[in-house]
Amino acid sequence: MSVHTTVDTPVGTLTVVGAEAGLVGLYFDEHRHLPDPTGFGPVSRDGVGSSDFAEVERQLGGYFGGERRSFDLPLAPRGNDFQVRVWTLLRDIPFGETRSYGQLATALGGVGLARAVGAANGLNPLSIVVPCHRVVGSGGALVGYAGGLDRKRFLLGLEADQPSGPETGRLF
């Protein structure tokens, strides 16, 4: 059984979904590839089982406040074996760094997997916590993000500890 809550953040309201085994979803408003919200279960301020919503909110606050570089939460993403392998690899990308789809594909067995890595990355159910925003196109191009490129730019700028966006002339 899943339960959910919402958390206000600098990138908008996030819907947090938890289950007995841990956090299963962290979604933006207007999230591309948003699962059917009826599967999020009832609203809960506390969470259920290993998904402690107060702890999720505390760690997100630390991340956005510049005090946290990674998350220490029990995660239980739902996906196929390849997707889970990609999402696990995303957690190894250090704070403030990026990797290309090709680099991730190579780590998983060959550059020919780049499109599959991109598809799995786009379906990452744990935005921010599993840092899919740290994946860029070849040559560092800022491409694709389920929460939109403005949010991706913001998150990369936050991690670089520098402002980003069109007004600064910086992509990230």
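Criteria and thresholds
- Residues numbered from 1 in each chain as written.
- Predicted model: local features only at pLDDT ≥ 70, side-chain atom pairs only at ≥ 80, totals over all residues.
- Heavy atoms only, no water.
- Core = buried A, V, L, I, M, F, W, Y, C linked by side-chain atoms within 4.5 Å.
- Buried < 20%, exposed > 50% of the residue type's maximum accessible area, 1.4 Å probe, protein only.
- Helix = DSSP H or I, 4+ residues; strand = E, 2+ residues; numbered from the N terminus.
- Contact = heavy atoms within 4.5 Å.
- Pairing = 2+ DSSP bridges.
- Lys, Arg positive; Asp, Glu negative; His and termini not counted.
- Salt bridge = Lys/Arg side-chain N within 4 Å of Asp/Glu carboxyl O.
- Polar contact = N/O pair within 3.5 Å; in protein donor to acceptor, adjacent residues only side chain to side chain.

Caption draft 1: Inspection of the nonpolar core at higher detail. L60, L90 and I128 are the most contacted members of the largest nonpolar core, which has 36 residues in total. Among the elements of the structure, β1 (2–9), β2 (12–19), β3 (22–28), α1 (53–64), α2 (81–90), α3 (101–107) and α4 (114–122) are those that each provide at least two residues to this core. Looking at this core element by element, the count peaks at 5 residues for α1. The contacts of L60, once residues within four sequence positions are left out, are V7, L14, L26, F71 and I128.

Caption draft 2: Examining the pairing of β1 more closely. Taken across its 8 residues, β1 has 6 buried, putting it largely inside the fold. Here 8 bridges tie β1 to β2, and the two strands are oriented antiparallel to one another. Bridging across to β2, T6 finds its partner in T15. Connecting β1 to the antiparallel partner β2 that follows it, the hairpin turn spans 2 residues.

Caption draft 3: Highlighting the side chain of K152. Residue position: K152 is located in helix α5 (residues 149–160). E159 provides the closest opposite charge to the buried, unpaired K152, separated from it by 11 Å. One polar contact links the side chain of K152 to the main-chain carbonyl oxygen of V135, over a distance of 2.5 Å. In this view, K152 contacts Y101, H133, V135, V136, L142, V143, G144 and Y145; residues no more than four positions away in its chain are not counted.

Caption draft 4: The side chain of S100, seen in detail. As for its position among the elements, S100 is in strand β6 (residues 99–100). When sequence neighbours within four positions are dropped, the list of residues in contact with S100 reads V135, V136 and G137.

As far as function goes, none of this settles anything; it's purely spatial.
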